[in-house]
Amino acid sequence: MSEDTIFGKIVRGEAPADIVFQDDRVTAFRDITPQAPTHILIVPNKAIATVNDVKPEDEETLGHMFVVAARLAEEEGIADDGYRLIVNCNRDGGQIVFHLHMHLLGGRPIGRMVAR
Ligand code: DGP
């Protein structure tokens, strides 16, 4: 069982967030420190700490995160111009919150894929 995090509290409605989508598998809300005009975090409702903790039974939920990302990109009006999806893992990946999440970033050119 993963440690509870602020994202777990947001999923359960115990902490405030600007939620843009929620169903029985995933929750999506706006990042508190947006790095682009659209910066949404898509998280599994189940508290998976990192990509390292993903199990075969999570495949459907993880696939659903992409379906939700595509839907939100369309709703945000950024689908045609494009956007970036990012999942950070542990220290070198720059992960800060240990509840797996996908960043949806768009609304401007996002720039280089990785810093040199
Ligand atoms: P990462 O580095 O991939 O773990 O990104 C964590 C993101 O989570 C970071 O962009 C800031 C965002 N964040 C951290 N705390 C909160 C919070 O309480 N609410 C919201 N909406 N976003 C948060």
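As shown above, the structure is provided for reference.
Residues numbered from 1 in each chain as written. Predicted model: local features only at pLDDT ≥ 70, side-chain atom pairs only at ≥ 80, totals over all residues. Heavy atoms only, no water.

Caption draft 1: Fine view of the pairing of strand S3 (residues 38-44). Burial runs high along S3: seven of the seven residues are buried. Burial of the side chains of S3 extends over both faces: Thr 38, Ile 40, Ile 42 and Pro 44 are buried on one face and His 39, Leu 41 and Val 43 on the other. Sheet topology places strand S2 (residues 26-30) next to S3; five bridges connect them, and they run antiparallel. Considered in S3, the bridge of Val 26 is made with Pro 44. By the bridge criterion, five bridges tie S3 to strand S5 (residues 102-106) in an arrangement that is antiparallel. Its bridge partner lying in S5, His 39 is registered against Leu 105. (Buried < 20%, exposed > 50% of the residue type's maximum accessible area, 1.4 Å probe, protein only. Helix = DSSP H or I, 4+ residues; strand = E, 2+ residues; numbered from the N terminus. Pairing = 2+ DSSP bridges.)

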